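Here's the letter readout for the chains.
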Amino acid sequence: MSRFVEVPYRILPGETLDALLESFVTRQGYDTTDTGEGMNGWVKELKGQLERSELIIAHDLETESTEVLTLAQWRSFGRDIADDEEEGDI
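Keep in mind the model is a prediction, meaning the values are calculated, not measured.

Calculation notes
Think of each chain on its own: its residues are numbered from 1, step by step along the sequence as written. It should be noted that, the model being predicted, local features are given only for residues of pLDDT at least 70 and side-chain atom pairs only at 80 or more, the latter also being counted only at that level, while totals for whole chains, interfaces and linings use all residues. With hydrogens and water set aside, each side-chain value is computed from the structure's full complement of heavy atoms. A run of H or I in DSSP counts as a helix once it spans at least four residues, and a run of E counts as a strand once it spans at least two, with each numbered from the N terminus. Note on definitions: a residue-residue contact is assigned when non-hydrogen atoms from the two residues lie within 4.5 Å. pLDDT expresses, on a scale from 0 to 100, how confident the predictor is about each individual residue.

Regarding the environment of Q49
Here is step 1 of the chain: Within the secondary structure, Q49 sits in helix α2 (residues 39-51).
Here is step 2 of the chain: Distance from Q49 to T70, taken between C-alpha atoms, is 9.2 Å for residues 21 residues apart in sequence.
Here is step 3 of the chain: Sequence-distant contacts of Q49, defined by excluding residues within four places in its chain, comprise E54 and L55.

Description of the confidence of the model for the protein
Here is step 1 of the chain: The share of residues in the protein with pLDDT of 70 or more is 78%, and the mean pLDDT across the chain is 80.
Here is step 2 of the chain: Predicted confidence in the protein is weakest over helix α3 (residues 71-87), with a mean pLDDT of 61, and strongest over α2, with 91.
Here is step 3 of the chain: Counting contacts from residues 81-90, a segment whose pLDDT is below 50, to residues more than four positions away or on other chains yields six contacts.

Right under this line is the structure:
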């Protein structure tokens with residue numbers, strides 16, 4: 001069984017999804033004045049990216065944490081995990 005599970009964003013309650021997206025904006029260091037709508041503008045933009053499959057939500061079953069990731073982050077993270085598994089670190 002895989003340690004990481006992709007979570008379909010549509011199954012999350014609205015408040016939970018918004019909190020995950022706000023955390024992503026903060027973690028990525030986005031300027032919330034860029035959209036003219038502050039954090040709400042970024043949340044709307046990121047929801048569009050989720051709809052276009054440009055972002056994913058991943059849940060780590062081991063740490064019980066959930067994160068929003070770009071596809072590049074997910075692929076990079078996935079390769080790092082595969083490397084660790086090959087070396088016996090996981």
